[in-house]
Amino acid sequence: SVKTRGSLSSAFVSVPTDSLPLLGREESLARLAALSDAVRAGTGGAIRIEGAPGVGKSALLEAAAPDGLPVLRAVGVEAEAGLPLAGLEQLLAGLGAADLVAAEGEARDPVALLREVRARLAEKAPLICLVDDVQWLDPSSRAAVAYLARRAGQLGIGVIAVWSLRGEAPDEWP
């Protein structure tokens with residue numbers, strides 16, 4: 001909605017930014033919508049969005065959040081890049097399953113943890129995982145997101161991850 005105040009010579013226009021279209025992103029939005037459709041159909045899949053800082057990757061990720069499907073979210077934070085499993089814990093909080101990640105001081109078999117996460121996500125499918133700033137996730141969480149992305153089709157989930165290219169090459173991605 002557009003609101004105006006004052007005379008024509010000094011009009012104030014307020015447009016909510018969440019209603020603005022992403023210009024020039026039709027192809028990307030269509031691919032993201034196709035992934036949401038695949039998740040609804042039970043086939044799932046994964047997409048990584050990458051690019052230089054400030055080009056609108058996060059806006060594209062937010063536009064990808066589908067109506068009518070559960071969405072799990074995580075955002076990598078540079079200050080937490082050294083905290084093991086912090087990103088995975090954030091993602092699982094949306095399931096009410098953050099307790100799967102070992103408490104401080106507890107050793108947890110990473111393979112058993114990934115299998116349990118995979119099983120929980122498969123139980124809750126269909127759903128979409130949106131992960132922003134993957135490059136700032138701790139290495140174990142980044143590996144877990146890639147693991148889930150490789151299996152997204154089998155699990156019937158969607159994984160959409162954003163990687164901001166800051167001079168370094170991105171990790172291998174499924």
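Just above, that's the structure.
Residues numbered from 1 in each chain as written. Predicted model: local features only at pLDDT ≥ 70, side-chain atom pairs only at ≥ 80, totals over all residues. Heavy atoms only, no water.

Concerning the overall build of the protein chain
At step 1: Helix and strand counts for the protein chain come out as five helices and six strands.
At step 2: Start at the N end of the protein chain and walk to the C end: the helices and strands fall as β-β-α-β-α-β-α-α-β-α-β.
At step 3: Counting over 174 residues, the protein chain shows a buried share of 37%.
At step 4: Taking contacts inside the protein chain between residues at least 6 apart in sequence as the whole, the part at least 24 apart equals 72%. (Helix = DSSP H or I, 4+ residues; strand = E, 2+ residues; numbered from the N terminus. Buried < 20%, exposed > 50% of the residue type's maximum accessible area, 1.4 Å probe, protein only. Contact = heavy atoms within 4.5 Å.)

Focus: the pattern of salt bridges
At step 1: Following the criterion strictly, the structure yields four salt bridges and no others.
At step 2: For Arg40, the salt bridge identified is with Asp37, shortest N-O distance 3.6 Å. A residue pair is termed a helical-turn pair when its members lie 3 or 4 positions apart in one helix, as Arg40 and Asp37 do in helix H1 (residues 26-40) at three residues.
At step 3: The exposure class assigned to Arg40 is partly exposed, which follows from its relative accessible area of 41%. (Salt bridge = Lys/Arg side-chain N within 4 Å of Asp/Glu carboxyl O.)

Quick word on the environment of Trp136
At step 1: Within the fold, Trp136 resides in the loop between strand S5 (128-132) and helix H5 (139-155).
At step 2: Placed 28 residues apart in sequence, Trp136 and Ser164 show a C-alpha to C-alpha distance of 9.1 Å.
At step 3: Dropping the residues within four chain positions of it, Trp136 is found in contact with Gly76, Val77, Glu78, Ala81 and Arg166.

A short note on the packing of helix H4 (residues 110-124) against H5
At step 1: Where H4 contacts H5, the two axes come as close as 11 Å, and the packing angle between them is 40°. Judged on the interaxial angle alone, H5 and H4 are oblique. The hand of the H4/H5 crossing is right-handed. Packed against H4, whose contacting residues are Leu114, Arg115, Val117, Arg118, Leu121 and Ala122, the element H5 presents Ala144, Tyr147, Leu148, Arg151 and Leu155 at the interface.
At step 2: In terms of residue class, the contact of H4 with H5 is made up of eight nonpolar, no polar and three charged. (Axes fitted to C-alpha atoms, helices over the stretch in contact; angles between N-to-C directions. Parallel < 35°, antiparallel > 145°, perpendicular 65-115°, else oblique. Left-handed = near helix turned anticlockwise from the far one by under 90°. Nonpolar A, V, L, I, M, F, W, Y, C, P; charged D, E, K, R; others polar.)

With respect to the sheet that holds strand S3 (residues 45-51)
At step 1: Spatially, four strands are ordered S3-S6-S5-S4 in an open sheet, and the strand pairing comes out parallel. Lying at the two open borders of the sheet, with one neighbouring strand each, are S3 and strand S4 (71-75). Neighbour-to-neighbour, the strand axes of this sheet turn through a mean angle of 10°, independent of strand direction.
At step 2: As paired strands, S3 and strand S6 (residues 158-164) are joined by seven bridges and run parallel to one another. Residue Gly45 lies in a different strand from S6, and its bridge partner there is Gly158.
At step 3: Relative to the sheet, H1 contacts S3, S5 and S6, its axis offset from that of S3 by approximately 160°.
At step 4: Its contacts with the sheet put helix H3 (residues 86-93) on S4 and S5, and the angle it makes with S4 is roughly 155°. (Pairing = 2+ DSSP bridges.)

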